[in-house]
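If you want the building blocks of each chain, they are given just below.
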Amino acid sequence: MGPMKLEQALHAARALVLADLAAGEVARADIVSLVEDAIAHRRWWVEQWPEGAAYVAGLVAQDVQDALLERYGRWPLCPVCTTGGDLHALDVEPELGPDPHWVCGKTAVAVAPVGSLGTTL
């Protein structure tokens, strides 16, 4: 895979995660910086393993989710489990695979593809 394809995969991952952040109304400058940090980290990763380019969107989503948990709290909150006060974040599945989705880990309901939370939130 050439450098142009790698950059396209990284740009696509950035766009998908930013779309999800915007859908949850959390795309502030400091949070967008977390996306840029994740992209920089994954650029090195995908340069080392070009066959993993199809996995970058899910990995960046997980990286941003982890960084947000450390600094701000859970994101994105599960829209499926809204009763009972048990707020939890969605998971990215597959953890390492193409076509990543946001999934409720408690009910196994696929909520939306990464990049499409705006259709469900």
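Higher on the page you've got the structure.
Residues numbered from 1 in each chain as written. Predicted model: local features only at pLDDT ≥ 70, side-chain atom pairs only at ≥ 80, totals over all residues. Heavy atoms only, no water.

## Details of the sheet that holds strand β1 (residues 91-93)
Read across the sheet, three strands follow the order β1-β2-β3 without closing on themselves; strand pairing throughout is antiparallel. A strand with exactly one partner marks an edge of an open sheet, and here the two such strands are β1 and β3 (110-113). Taken over all neighbouring pairs, the strand axes of this sheet differ in orientation by 35 degrees on average, direction set aside. (Pairing = 2+ DSSP bridges. Helix = DSSP H or I, 4+ residues; strand = E, 2+ residues; numbered from the N terminus. Axes fitted to C-alpha atoms, helices over the stretch in contact; angles between N-to-C directions.)

## Points about the pairing of β3
Bridging between strand β2 (residues 101-103) and β3 involves three bridges; their strand directions are antiparallel. Opposite Trp102, over in β3, you have Ala112 as the bridge partner. Taken together, β2 and the strand that follows it, β3, pair antiparallel across an intervening segment of six residues, in which Ala108 is found at a positive phi of about 65 degrees.

## A word on the side chain of Asp20
Residue placement: Asp20 occurs in helix α1 (residues 3-23). For the buried residue Asp20, which engages in no salt bridge, the nearest side chain bearing the opposite charge is Arg14, 14 Å off. Only 2.7 Å separates the side chain of Asp20 from the backbone nitrogen of Gly115, close enough to count as a polar contact. (Buried < 20%, exposed > 50% of the residue type's maximum accessible area, 1.4 Å probe, protein only. Lys, Arg positive; Asp, Glu negative; His and termini not counted. Salt bridge = Lys/Arg side-chain N within 4 Å of Asp/Glu carboxyl O. Polar contact = N/O pair within 3.5 Å; in protein donor to acceptor, adjacent residues only side chain to side chain.)

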